[in-house]
Amino acid sequence: MADLSTSYMGLPLINPLIASSSPLTGNLDDARRLEDAGAAAIILPSLFEEELLQDQQQMHEFMDHQAIGHGEADSFLPPSSDYKSHLDHYLETIATIKAAIDIPVIGSLNGVSLAGWLEHGADLQQAGCDALELNIYYVPANPEETGSDVESRYLQILENLCAQFTLPIGIKISHSFSSIAHFVRQLERAGAKGTALFNRFYQPDIDLSSLQVTPKIQLSNSIESLERIRWIALLRAHVQMDLAATGGFHDANDVIKAVLAGADAVYLCSSLLQHGIQRLPEILSDISDWMHVHEYESIAQLKGSVCQKHAIEPAAYERANYLKTLKSYQRSDNN
Amino acid sequence: MDYQLCTHCGKCAFVCPHGVIRSKAFPAELAAHAPAGFEHVPIKGKDYPEGMHISYQVSAEDCTGCTLCVDICPIRDKSQANYKAINMAPLEPVRAAHQANWTFFLQLPDYDRQQLKLKTIKGSMLGQPLFEFSGACSGCGETPYIKLATQLFGDRMLVANATGCSSIYGGNLPTTPWAKNQQGRGPAWNNSLFEDNAEFGLGMRLAIDKQQQFASELLIQLKESLDTELVDALLHADQADEAGIHQQRLRVNELQHALQQLSEPLARRLETIADSLCKRSVWIIGGDGWAYDIGFGGLDHVLASGKDVNILVLDTEVYSNTGGQTSKATPRGAVAKFSAAGKDTAKKDLARIAMDYEHVYVAHVAYGSKDVQTLHAFIEAESFQGPSLIIAYAPCIAHGVDLKNNHKQQQLAVESGHWPLFRFDPRLAAEGKNPLHLDSKPPSIPYREFVQSETRFSMLWRAHPERAEEILQQSQQEVRERFYRYQQLAALSWEEEEHTVPHTESEEGKHHG
C-alpha cells in the first residue's frame, strides 16, 4: 500500500485531498461524512467580512430601525437579543465540527479592511481552527488602483495576521496577478505557510429575457486544472512553502498530475458537489492503483517529480507553444 | 418620462402607492397653452378617438422615491439597459417645471367615464384616483389596491374602514387622502372600531337599500304628478356600466328639478333621498388582523348575509399598525410578536372558507405578480350582486424587506405557491361552469427561495435553525398540497348531471298509500 501522506501549511495530512470551501464543509453531518470518506482536511465556507457587515446592517435596519413615527409601531419584529448573527452561527459551527472530527479544520476568511481581517481572524483562531486561509476573492475594478496597490494591500494584511496569530496562515489567490511567480514569493516572505492556486470567480451572466445581470454558479471541469498544474510546476522550485492546487480537479488523473507538478495538496469542490462525497474514496483508490502500477511508494516520492525543474523538457511549461498547439488542432469535419 | 419609449401601458400609474403618477387623455388642442415643458403625445391604440393626446404627469413633490414605478416599467432603451420609459431623477433640478406641469395637468378635464376602457390597465388608469398622497409608508403594498378601487368606483363608493394601517394613512385628520373629482363626487369614508367593521359596512348597505326602497315607494306614490316615463326609467334603470350610471344620474337631476315644482309633502321627502336611486358601491376595507382575526365573526356574518358588499382585505399577514403581532393570516414559520419562535400553525385559508358558502365572489390577488388579474377581480367583485371578498397580498415593512422589492416579493410569493392567484365567481356556477378559475401556475420555485428573502422568516434560522428547517419542510408540503387541492376544485365538471334521488321507505309508502 502506497504512503499517501503529505502536509499542507505545515499540517500533517493523511493524503493530499482536501475538501475545500463549499456547502458540504459548513455542517456537521457532511463534515463527518467527508472525514469518513477519506478527506485529509476540510476548509470551511469562507467568512466574508462584507457579508457580515451587510448582515449586521440588514438585521439592524429591519429589526431596530423601523420606527414610523408613532409609539405603537416602533418595531415590527421581536427583540433581537436572542438571535444569532451570521458570525455567531459560523463560529459555533466551527467549534462543533472541530470537536467532532479528527482531521484538520481550516478556516477561510475574506475581509475588506485590515481591521476586519484581524478581528475575524482572531475569531476563527479562538473557535479552534487548525489553520487559516485568506481567500482573496476581490475583483479589482477600480481604474485608479494599480496592480502594486492590490498586491501591497494583501502583503500588508498577511504580514499583520502572521505577526498576530500563532496558527499557520495560507492564502488562496486568483490567477489575475500580472506576475504570479513574483507575488507568490512575496507571499512566502510575508509569512504564508501555503498558497492555493487558483481561486475561481463566479462570473455574472446576462439574462437574455430580462437583460438583468445575474450571478451564476458554474462548476469547474478538468480542463481548468491544467492552468493550475502549470503554475505549480513553475513555482515549485522557487518557493519552500506548501502549494495546493484548486479549481478543476475531478478525478485521480487530475490529482496525480498536480502532485507530479509539485502540489502538496489538492482541493476538491465541484467534483464532490457533482458526484457526491463518495467521489473521495474512488479518487483515493484510483491514486493508489496508479501508484502501484507505476511503482511509486509514496506521495513524497512523486511530489514535484515533473515540476519545471525536474521536467523532461522544462521549457514546455514556460513556452507559449501557441502555434504548435494551434496546428495540432484538427477540425472535426476534416476527420 | 421618456415619451419616445413609453407605450402608454399605465403600469407605473397602477403601482404608485401614493397616487403620484397620473394619466389623462384629452383633445390635443387643450394643451395649446400648456407650460413649455408639458409633454403630451397622441394616444396609442384604436380604442381612442382621433386627435386625443395622453400625458403622464408626476406630482414630484408628493413622490416618496419608492422607485416602484421604474421597477414595473417594462420598456427599456435598446442601447442602454438601465434606462427605461420612466426613470428616477433628483428632485431639485426638475421641481419648478414639474410644479407648473402638474398645476396645468390638474385643470385638464378627466376623460369621459362612459368611454373608459376599464378592463385594461391603460384605460383604468385614466380614471382619477380619489385616494391620493396618503401617509402610508414609501412603497406600501396596500395602497395601490385602495387607489385602484377609487379609480374604478370612487365616485359612488361608501367605505367602511377598519381601524388599522389603512385608517391611519387613510384618515390622518385634518388631512385626508380621500378626494373628490371635478364633479364633486368621491368616496364617503368612515372608520369603524377594529372589531366590527364588517357589520359597520353591512349597516351602510342596509341603510342604502332601505333608502332606495323608500325612494322607489315615494316615486310610485308621486307617479301621477311626475313624468311617468321618467319614473319608470328611474325605477327600472340598468346601472351595470358607467353609461347606465351616468344616465341614471341625469334622470335623478331631472327628478330633483321636477320635485321642486311640486308642493306635496312627499316631494319634500323624496328630495332628500332621491340620490339613493343611483347605484352605490359599498366597500368594507381592512387588514388581516381585522378580517382573519378580531373581526372574523362579523366578517363571516356579512358573508352569510348575501348582501351586496365588497370586502377588501389588505393582507400583510401580521398586525402591521400595532407593531407586528401574529394574526391568523400569519404564515407558518414567520416570526412575529407572540410567535417569536416562528408561528406553529398554517395561515388560515380565508378564501376557501368564503368559497364554501358558494354565494360569495372570492378573489386572491397580488397586483405585483399579475396586475390584470387584480383589475378584473375588482371589476367582477363590484359587479357581483352579493358579497364579494378580495384578499389582496400586501408586502409590508413588517416582513423585513426593502419595499423597493415589493413587486419581486409578490412574484416570489406567487411563484413559490405561498399566494396562489384565483377567482371564484358564483355567476359561473349558475351558467353551469366551474366558478373557480386559477390565475397562477403550480409552484415553480422552492418555498425556501421565498422565505429566505424575507427577514420575518429568515430570522428563525438565526435562532432555531433546526426548527426553521423542519417548518420549511412542512410549509413546502403545504403549498404544494394547497395548490393541488385548488387545481382539483378548478378542474371539476360543473355541468348538472341527472340525479336519481333515492326515495325513503316512508316516501315510497306515501306514494303508494
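Residues numbered from 1 in each chain as written. Chains lettered and ligands numbered in written order. Predicted model: local features only at pLDDT ≥ 70, side-chain atom pairs only at ≥ 80, totals over all residues. Heavy atoms only, no water.

> Talk me through the environment of Glu142(B); I want residue IDs and the actual numbers.
Residue and element names in this part refer to chain B. Among the secondary structure elements, glutamate 142 is positioned in the loop between α4 (121-124) and α5 (143-153). In the structure, glutamate 142 is positioned 70 residues away from isoleucine 72 in sequence and 16 Å away in space, judged by C-alpha atoms. When neighbours within four sequence positions are excluded, glutamate 142 is seen to be in contact with Cys165, Ser166, Tyr169, Leu314, Thr316 and Ala394. At 2.6 Å, the side chain of glutamate 142 forms a polar contact with the side chain of tyrosine 169. (Helix = DSSP H or I, 4+ residues; strand = E, 2+ residues; numbered from the N terminus. Contact = heavy atoms within 4.5 Å. Polar contact = N/O pair within 3.5 Å; in protein donor to acceptor, adjacent residues only side chain to side chain.)

> Go over the sheet that holds strand β1 (residues 21-27) of chain B with me, naming the residues and quoting the values.
All names here are of chain B. Taken in spatial order, the three strands line up as β1-β3-β2 in an open sheet, and their pairing is antiparallel. Each end of this open sheet is capped by a strand with a single partner; those strands are β1 and β2 (41-42). In the sheet, β1 pairs with strand β3 (residues 52-58) via seven bridges, with the strands oriented antiparallel. For proline 27, the partnering residue across the bridge sits in β3 and is methionine 52. In the packing of helix α3 (residues 92-107) onto the sheet, the strands contacted are β1 and β3, and the crossing angle to β3 comes to about 130°. (Pairing = 2+ DSSP bridges. Axes fitted to C-alpha atoms, helices over the stretch in contact; angles between N-to-C directions.)

> Please set out the nonpolar core residue by residue, giving values where relevant.
Core analysis: the biggest nonpolar cluster contains 119 residues, and Tyr145(B), Trp290(B), Ile311(B), Leu312(B), Phe378(B) and Leu389(B) have the highest contact counts within it. Structurally, this core is a two-domain feature, drawing no fewer than three residues from each of domain 1 (1-111) and domain 2 (317-491) of chain B. Not counting residues up to four positions away in its chain, the partners in contact with Leu389(B) are Leu303(B), Ile311(B), Val313(B), Leu350(B), Ala354(B), Val360(B), Tyr361(B), Val362(B) and Ala363(B). Phe183(A), Val255(A), Leu280(A) and Leu284(A) belong to the second largest nonpolar core, which has 81 residues in total. (Core = buried A, V, L, I, M, F, W, Y, C linked by side-chain atoms within 4.5 Å. Buried < 20%, exposed > 50% of the residue type's maximum accessible area, 1.4 Å probe, protein only. Domains from an automatic or database assignment.)

> Please give an account of the pattern of salt bridges that cites residues and values.
Residue and element names in this part refer to chain B. Enumeration according to the criterion identifies 36 salt bridges over all chains in this entry. Put simply, arginine 156 and glutamate 382 hold a salt bridge, and the shortest N to O gap is 2.9 Å. Of the two residues, arginine 156 is situated in the loop between α5 and β6 (157-161) and glutamate 382 in helix α14 (residues 371-383); the sequence distance between them amounts to 226 residues. The exposure class assigned to arginine 156 is buried, which follows from its relative accessible area of 6%. Residue classification places glutamate 382 among the buried positions, given a relative accessible area of 5%. The network of salt bridges with shared partners includes Arg113, Asp155, Arg156, Glu242, Arg249, Lys279 and Glu382. (Salt bridge = Lys/Arg side-chain N within 4 Å of Asp/Glu carboxyl O.)

> Report on the pairing of strand β10 (residues 361-365) of chain B, specifying residues and quantitative values.
Residues and elements named next belong to chain B. The element β10 is extensively covered by neighbouring structure, given that five of its five residues are classed as buried. Neither face of β10 is left uncovered, since the one carrying Tyr361, Ala363 and Val365 and the one carrying Val362 and His364 both have all their residues buried. In terms of strand pairing, β10 meets strand β11 (residues 388-393) through five bridges, oriented parallel. Residue pairing across strands places histidine 364 opposite isoleucine 391, the latter belonging to β11. At this point the chain moves from β10, through α14, to the parallel β11, and the crossover so formed is right-handed. Looking at chain direction, β10 and strand β12 (residues 422-424) are connected through three bridges and run antiparallel. Residue histidine 364 lies in a different strand from β12, and its bridge partner there is phenylalanine 422. (Right-handed = clockwise from strand over helix to strand, strands pointing away.)

> Describe the environment of Gly123(B), naming the residues involved and giving the relevant values.
Residues and elements named next belong to chain B. Inspection of the secondary structure assignment puts glycine 123 in helix α4. Expressed as a C-alpha distance, the spacing of glycine 123 and leucine 219, which sit 96 residues apart in the sequence, is 37 Å. Apart from residues no more than four positions distant in its own chain, glycine 123 is found in contact with Tyr48, Leu116 and Lys117.

> Describe the interface of chain A and chain B, naming the residues involved and giving the relevant values.
Across the contact, 23 residues belong to chain A and 23 residues belong to chain B. Summing the contributions of chain A and of chain B, the shared interface buries around 1,900 Å²; its carbon and sulfur component is 61%. When residues of chain A are sorted by the area they lose upon contact with chain B, Phe76(A), Leu77(A) and Tyr83(A) head the list and together hold 30% of the total. Summed over the shared surface of chain A and chain B, the number is zero salt bridges. In this assembly, chain A and chain B are joined by zero residue pairs in polar contact (both at pLDDT 80 or more). Sorting the residues of the side of chain A that touches chain B by element identifies α2 (49-64) and α3 (86-100) of chain A as the ones contributing at least two each. Top contributing element to the side of chain A that touches chain B by residue count: α2(A), with five residues. Here the side of chain A that touches chain B is composed, by residue class, of 10 nonpolar, nine polar and four charged. (Buried area = accessible area lost by both parts, 1.4 Å probe. Nonpolar A, V, L, I, M, F, W, Y, C, P; charged D, E, K, R; others polar.)

> Tell me about the packing of α5(B) against α14(B), residues and numbers included.
All names here are of chain B. Across the interface, α5 lies against α14 with an axial gap of 11 Å and an inter-helix angle of 55°. The angle between α5 and α14 falls in the class oblique. Viewed along their axes, α5 and α14 form a crossing whose handedness is right-handed. Within the contact between the two elements, α5 uses Tyr145, Leu148, Ala149, Leu152 and Phe153 and α14 uses Thr374, Leu375, Phe378, Ile379 and Glu382. In terms of residue class, the contact of α5 with α14 is made up of eight nonpolar, one polar and one charged. (Parallel < 35°, antiparallel > 145°, perpendicular 65-115°, else oblique. Left-handed = near helix turned anticlockwise from the far one by under 90°.)

> Would you mind going over the packing of aromatic side chains in detail, with residue names and values included?
Any aromatic ring pair is given by two values, namely how distant the centres are and how the planes are angled relative to each other. All names here are of chain B. Within the structure shown, the criterion is met by 23 aromatic pairs over all chains. Arranged with centres 6.5 Å apart and planes meeting at 45°, the rings of phenylalanine 26 and phenylalanine 38 form a pair that is tilted. In this pair, phenylalanine 26 sits in strand β1 while phenylalanine 38 sits in the loop between β1 and β2, placing the two residues 12 residues apart along the sequence. Across the pair, phenylalanine 38 and phenylalanine 26 agree in class, each one buried. Arranged with centres 5.8 Å apart and planes meeting at 15°, the rings of tryptophan 283 and phenylalanine 378 form a pair that is stacked. Note that tryptophan 283 is positioned in strand β8 (residues 281-287) and phenylalanine 378 in helix α14, a separation of 95 residues in sequence. According to the relative accessible area criterion, tryptophan 283 is buried, its value standing at 0%. (Phe/Tyr/Trp six-rings, centres within 6.5 Å; stacked < 30°, edge-to-face > 60°.)

> Give a detailed account of helix α7 (residues 197-221) of chain B, specifying residues and quantitative values.
For α7(B), which comprises 25 residues, the first-to-last C-alpha distance of 36 Å matches the rise-based estimate of 36 Å (1.5 Å per residue) to within 8%. Of all the residues in α7(B), the buried ones are Asn197(B), Ala198(B), Gly201(B), Leu202(B), Met204(B), Arg205(B), Ile208(B), Ala215(B), Ser216(B), Leu218(B) and Leu219(B). (Expected span 1.5 Å × (residues − 1).)

> Break down the sheet that holds β11(B) for me, citing the residues and quoting the values.
Residue and element names in this part refer to chain B. Strand order in the open sheet formed by eight strands is β7-β6-β8-β9-β11-β10-β12-β13, and the pairing between neighbours is mixed. Strands with a single pairing partner mark the edges of an open sheet, and in this sheet they are β7 (188-191) and β13 (436-438). With direction set aside, neighbouring strand axes in the sheet form an average angle of 15°. Looking at chain direction, β6 and β8 are connected through five bridges and run parallel. Paired with methionine 157 across the bridge in β8 is serine 281. The sheet strands contacting α7 are β6, β7 and β8, and the helix crosses β8 at an angle near 175°.

By themselves, these are just geometric observations and shouldn't be taken as functional.
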